[in-house]
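Geometric and topological summary
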Amino acid sequence: KGAYFPVVGVSTARKRGNLANGDRGVCFAGPNTDYYVLLCDGMGSGREAAALSSETVHFLKKLLYSGMQPEDALEVLNGAFLLRGTGCLATVDLLCEDLERGEAELFKWGGAPSYLRQNEAAVKKMGTAALPPGVGVGGDHTPERYKLSLSHGEMLILLSDGAGGEETEGAIAGFTGDSPRELAALLIAGASAMDDMTAVVLSLRPLSSCA
């Protein structure tokens, strides 16, 4: 559906010594020409973090697949975390992409910075240090929102906490290929396994070129 085809690359690794990875993600088509990319990082590491991030991904996917708007789905998630009151939380990076226009909106709530690679000379960093959903209501307790376009060969990079670092932006800018899979693998291969690490890279290709 739409004029563009999503190309996604994912690379992930669990924290050294752990048997489970606390990062979870999913990509799926929604109503009309919507396409979603979702990355969640459970607090902590190991099996408890993995269970929490899996639950968060499953919960949001059901709401989005039913046709609920992303901002409403995140508000419901925030309320569910608050009502549970356990203090066990997960960050959320949620991209809603329109495959007809190539335009997208990125919702960031507590996650590590994301990057939009427009070309080797232009890499935009998105996201500030913020609390995850489930801490409060209103004011600062809402997701950051970024409008962006992927219709001209741009790449969007979503990262969990363990995958980001001072060298990340330089590695993205210095990447000369056009494969999301290769860039995702490069970012994880260059990081130390002191935490769970996940890199998700998305680009769009004109549907006509995929025929």
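Note: the structure precedes this text.
Presented here is an overview of the structure given in this document. Since the structure is predicted, the reported quantities are computational estimates derived from the model, not experimental observations. (Residues numbered from 1 in each chain as written. Predicted model: local features only at pLDDT ≥ 70, side-chain atom pairs only at ≥ 80, totals over all residues. Heavy atoms only, no water.)

We now examine the sheet that holds strand β4 (residues 90-98). Overall, antiparallel pairing links the 5 strands, which are arranged β2-β3-β4-β5-β8 in an open sheet. In this open sheet, the two strands that pair with only one neighbour each are β2 (23-29) and β8 (144-149). Along the sheet, successive strands turn relative to each other by an average axial angle of 15°, direction set aside. Running over the sheet, helix α1 (residues 46-65) touches β2, β3 (34-42) and β4 and is turned about 15° from β2. Across the sheet, helix α2 (residues 70-84) touches β3, β4, β5 (103-109) and β8, and the angle it forms with β4 is around 165°. (Pairing = 2+ DSSP bridges. Helix = DSSP H or I, 4+ residues; strand = E, 2+ residues; numbered from the N terminus. Axes fitted to C-alpha atoms, helices over the stretch in contact; angles between N-to-C directions. Contact = heavy atoms within 4.5 Å.)

This part covers the layout of surface pockets. Here the largest pocket is characterised by a volume of approximately 230 Å³. Considering the residues around the largest pocket, the lining is formed by 15 residues, among which Gln69, Pro70, Cys96, Glu105 and Lys147 are closest to the centre. When residues of the lining of the largest pocket are traced back to their parent elements, those giving at least two are β3, α2, β4, β5 and β8. When residues of the lining of the largest pocket are assigned to their parent elements, the largest contribution, 4 residues, is made by β5. Split by residue class, the lining of the largest pocket holds 5 nonpolar, 1 polar and 9 charged. Taken as a whole, the second largest pocket encloses approximately 160 Å³ of empty space. (1 Å grid on protein atoms, 1.4 Å probe; cavity = no way out; pocket = protein on both sides within 12 Å on 5 of 7 lines; lining within 4 Å. Points joined across faces, edges and corners; volume = space filled by probe spheres on them. Nonpolar A, V, L, I, M, F, W, Y, C, P; charged D, E, K, R; others polar.)

For the rest of this paragraph, the subject is the pairing of strand β6 (residues 114-119). Bridge analysis of β6 against strand β7 (residues 122-126) gives 5 bridges, and the strand direction is antiparallel. The residue of β7 that forms the bridge with Asn119 is Ala122. The hairpin formed by β6 and β7 contains 2 residues between the paired strands. Pairing analysis gives 3 bridges linking β6 to strand β9 (residues 155-159), with the strands arranged antiparallel. Bridge pairing in β9 links Arg117 to Met155.

Overall, the coordinates contain 2 aromatic pairs when judged by the stated rule. The ring centre of Phe28 lies 5.5 Å from the NZ or CZ of Lys61, which sits over that ring. (Phe/Tyr/Trp six-rings, centres within 6.5 Å; stacked < 30°, edge-to-face > 60°. Lys NZ or Arg CZ within 6 Å of the ring centre and 35° of its normal.)

Let's shift gears to empty space enclosed by the protein. Enumeration over the complete set of coordinates arrives at 1 cavity of 30 Å³ or more. Within this model, the largest cavity holds a volume of roughly 40 Å³. Around the largest cavity, the lining residues are Leu39, Cys40, Asp41, Thr91, Asp93, Gly110, Gly111, Ala112, Leu159, Ser160 and Asp161. Elements that contribute at least two residues to the lining of the largest cavity include exactly β3 and β4. At 3 residues, β3 tops the list of elements feeding residues into the lining of the largest cavity.

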